[in-house]
Amino acid sequence: MKRPSWPSWMPVDPFIAVLLATVGLAALLPARDTAADVASGASTTAVALLFFLYGARLSTREALDGLRHWRLHLTVLLCTFLVFPLLGLAAKGLVPHILTPALYSGFLFLTLVPSTIQSSIAFTSLARGNVPAAICAGTFSSLAGVVLTPLLVAWLLADTGGGFSADAFLKIVLQLLVPFLAGQVLRRWIGGFVTRHKKVLSLVDRCSILLVVYTAFSQGMVRGIWSQVTPARLAALLGVEAVLLALMLSLTWYGAQRLGFGRADRVAIQFAGSKKSLAAGLPMASVLFGPQASLAVLPLMLFHQMQLMVCAVIAKRRSHDPEEFTPVGTGAAKRTAAGTAPRSG
């Protein structure tokens, strides 16, 4: 019997649809009192589990092997942790007429989280780009984000409930850094298990993220945070995020061309350098923002769906580009006359 699948014509990522359903559940049946304490404890455990699995999955050897393309990886890191935050800071001029202070904090937070791995690889492969470079770029970004994102939040969002206190620093170390490092250390022994059970562990990842979202949005409902958001403000936020995505897609594509990268490398830079990771950002927000996490993650959830839809269209069009034979030494993947896409393995 053929297993049911998500309709190909449906423009919404199925996981985003489930996330929205979770938000609706939190709005209708928020966790209160004892249930809220239980959900909070479970959410804390889920965050630690997520970062343990991130550490166990990320191959340090693959990252080190990719250092020969250091210019490409440095370009992606600068886009992710420098250009994105600068654009986020520039958007402060939109407060309070277009964005409320709370929505702006969430918007700035989305510019601080690391890039994605899976979708960057998928779109780079579809567009016949440098897939090995996309794998390494995403890995570097995830590794750097464990440290850089909390530090950037502490520096840029100190006055909005996302700054560092001694308690917040201890939470970040215990819930994010320690599990991540434990996963990296134990990868030598559990790496095979993680690879063999990738689908099951992916389901664990997603269920953990749903729990984090339910807890955060329940806290927001109980505290009346959602009274601050109107449909007009949400529409304005979507418009600002559309501009942000358009700017980053243009900067990564044409900027990489000005830097002398070949087509295959430019594809990898565009898709790895213009994205933000929902899977990494949601648990980080729950630790960094506490009761304010629901508004902090809303811009990231919207941006994530937008980037998937737009990049899917771009990748499909890039797949029809003519072949380009790039001189050796540029870091681009070599092409055959038949136009075979590069393999990650």
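Residues numbered from 1 in each chain as written. Predicted model: local features only at pLDDT ≥ 70, side-chain atom pairs only at ≥ 80, totals over all residues. Heavy atoms only, no water.

**Student:** Explain the overall build of the protein to me, and be specific about the residues and the numbers.
**Tutor:** Scanning the protein from terminus to terminus reveals 13 helices and 0 strands. Within the protein, counting contacts between residues at least 6 apart in sequence, those at least 24 apart form 85% of the total. With an accessible surface of roughly 16,800 Å², the protein has 66% of that area assigned to carbon and sulfur atoms. (Helix = DSSP H or I, 4+ residues; strand = E, 2+ residues; numbered from the N terminus. Contact = heavy atoms within 4.5 Å. Areas by Shrake-Rupley, 256 points an atom, 1.4 Å probe, with all protein chains shown as cover.)

**Student:** A description of the packing of aromatic side chains should follow, citing residues and the corresponding values.
**Tutor:** Within the structure shown, the criterion is met by 2 aromatic pairs. Cation over ring: Arg318 sits above Trp253, and NZ or CZ is 3.7 Å from the ring centre. (Phe/Tyr/Trp six-rings, centres within 6.5 Å; stacked < 30°, edge-to-face > 60°. Lys NZ or Arg CZ within 6 Å of the ring centre and 35° of its normal.)

**Student:** Can you break down a nonpolar patch on the surface residue by residue, with the values?
**Tutor:** A cluster of nonpolar side chains, Trp70, Leu74, Leu78, Leu82, Leu86 and Leu89, forms an exposed patch at the surface whose accessible area comes to about 570 Å². Examined against the element boundaries, Trp70 turns out to sit in helix 4 (residues 70-90). (Patch = residues over 30% accessible without salt bridge, like charges linked within 9 Å, V, L, I, M, F, W, Y side chains within 5 Å. Salt bridge = Lys/Arg side-chain N within 4 Å of Asp/Glu carboxyl O.)

**Student:** Give a detailed account of the side chain of Thr252, specifying residues and quantitative values.
**Tutor:** Tracing the sequence through the fold places Thr252 in helix 10 (residues 231-258). The exposure class assigned to Thr252 is buried, which follows from its relative accessible area of 1%. Each residue touching Thr252, except ones within four places of it in the same chain, is listed here: Cys79, Ile269, Gln270, Gly273 and Ser274. (Buried < 20%, exposed > 50% of the residue type's maximum accessible area, 1.4 Å probe, protein only.)

**Student:** Which residues make up the packing of helix 2 (residues 33-57) against helix 9 (residues 198-222), and what values go with them?
**Tutor:** Between helix 2 and helix 9, the shortest axis-to-axis distance is 9 Å and the interhelical angle comes to 145°. Relative to helix 9, the crossing made by helix 2 is left-handed. Mapping the contact onto sequence places Ala39, Ser40, Ala42, Ser43, Ala46, Val47, Leu49, Leu50, Leu53, Tyr54 and Arg57 in helix 2 and Leu201, Ser202, Val204, Asp205, Ser208, Ile209, Leu211, Val212 and Thr215 in helix 9. Here the residues of the contact of helix 2 with helix 9 sort into 13 nonpolar, 5 polar and 2 charged. (Axes fitted to C-alpha atoms, helices over the stretch in contact; angles between N-to-C directions. Left-handed = near helix turned anticlockwise from the far one by under 90°. Nonpolar A, V, L, I, M, F, W, Y, C, P; charged D, E, K, R; others polar.)

**Student:** Can you lay out helix 13 (residues 293-318) for me, pointing to particular residues and giving the numbers?
**Tutor:** In this model, helix 13 (26 residues) spans 37 Å end to end at C-alpha, consistent with the 38 Å of a helix rising 1.5 Å per residue. Extensive coverage of helix 13 is indicated by the burial of 19 of its 26 residues. (Expected span 1.5 Å × (residues − 1).)

**Student:** Go over the packing of helix 1 (residues 14-28) against helix 9, please, and point to the residues and values.
**Tutor:** Contact geometry of helix 1 with helix 9 gives a least axis separation of 8 Å together with a crossing angle of 35°. The two elements helix 1 and helix 9 meet at a crossing, and its hand is right-handed. The segment helix 1 lies against helix 9, with Phe15, Val18, Leu19, Thr22, Val23, Leu25, Ala26 and Ala27 engaging Arg206, Ile209, Leu210, Val213, Tyr214, Phe217, Ser218 and Met221. Class assignment for the residues of the contact of helix 1 with helix 9 results in 13 nonpolar, 2 polar and 1 charged.

**Student:** Which residues make up the UniProt feature "transmembrane region" (unreviewed entry) in the protein, and what are the values?
**Tutor:** Sites flagged by UniProt as "transmembrane region" (unreviewed entry) map to residues 41-60, 72-91, 103-126, 133-156, 168-186, 207-226, 232-256 and 277-302. In residues 72-91, the share of helix is 95% and the share of strand is 0%. The end C-alpha atoms are 27 Å apart. Annotated as residues 232-256, this span is 100% helix and 0% strand, and its ends, taken at the C-alpha atoms, are 36 Å apart. (UniProt positions renumbered as here; feature names shortened; annotations may be inferred.)

**Student:** Could you give an account of the nonpolar core, with specific residues and numbers?
**Tutor:** Counting residues in each nonpolar core, the largest one holds 72 residues, and the members touching the most others are Leu19, Phe51, Phe109 and Phe289. Of the residues forming this core, the biggest block, 13 residues, is contributed by helix 13. Ignoring sequence-local partners within four residues, the contact set of Phe109 consists of Thr149, Val153, Leu157, Gly281, Met284, Ala285, Leu288, Phe289, Ala296 and Leu300. The next biggest cluster of nonpolar side chains, apart from the first, holds 10 residues, and it includes Ala134, Ala137, Ala256 and Phe261. (Core = buried A, V, L, I, M, F, W, Y, C linked by side-chain atoms within 4.5 Å.)

**Student:** Got a sec to walk through the confidence of the model for the protein? Specific residues and values, please.
**Tutor:** Here the protein shows a mean pLDDT of 80. Residues at 70 or above account for 82%. Predicted confidence is poor over residues 1-10, with pLDDT under 50, and the contacts of this stretch with residues over four places away or in other chains come to 3 contacts. Low pLDDT, under 50, characterises residues 325-345; the stretch is placed with 37 contacts to residues that sit more than four places away or in other chains. (pLDDT = per-residue confidence, 0-100.)

**Student:** Describe unusual backbone geometry, and please don't skip the residues or the numbers.
**Tutor:** Across the chain, the bulk of peptide bonds are trans and the bulk of non-glycine residues have phi less than zero. At the junction of Val95 and Pro96, the peptide bond is cis and its omega measures out at 5° in the coordinates. Tracing the chain through its elements places Pro96 in the loop between helix 4 and helix 5 (101-110). Of note in the backbone geometry, Arg128 takes a positive phi value of approximately 60° without being a glycine. For Arg128, the location among the structural elements is in the loop between helix 6 (118-126) and helix 7 (131-156).

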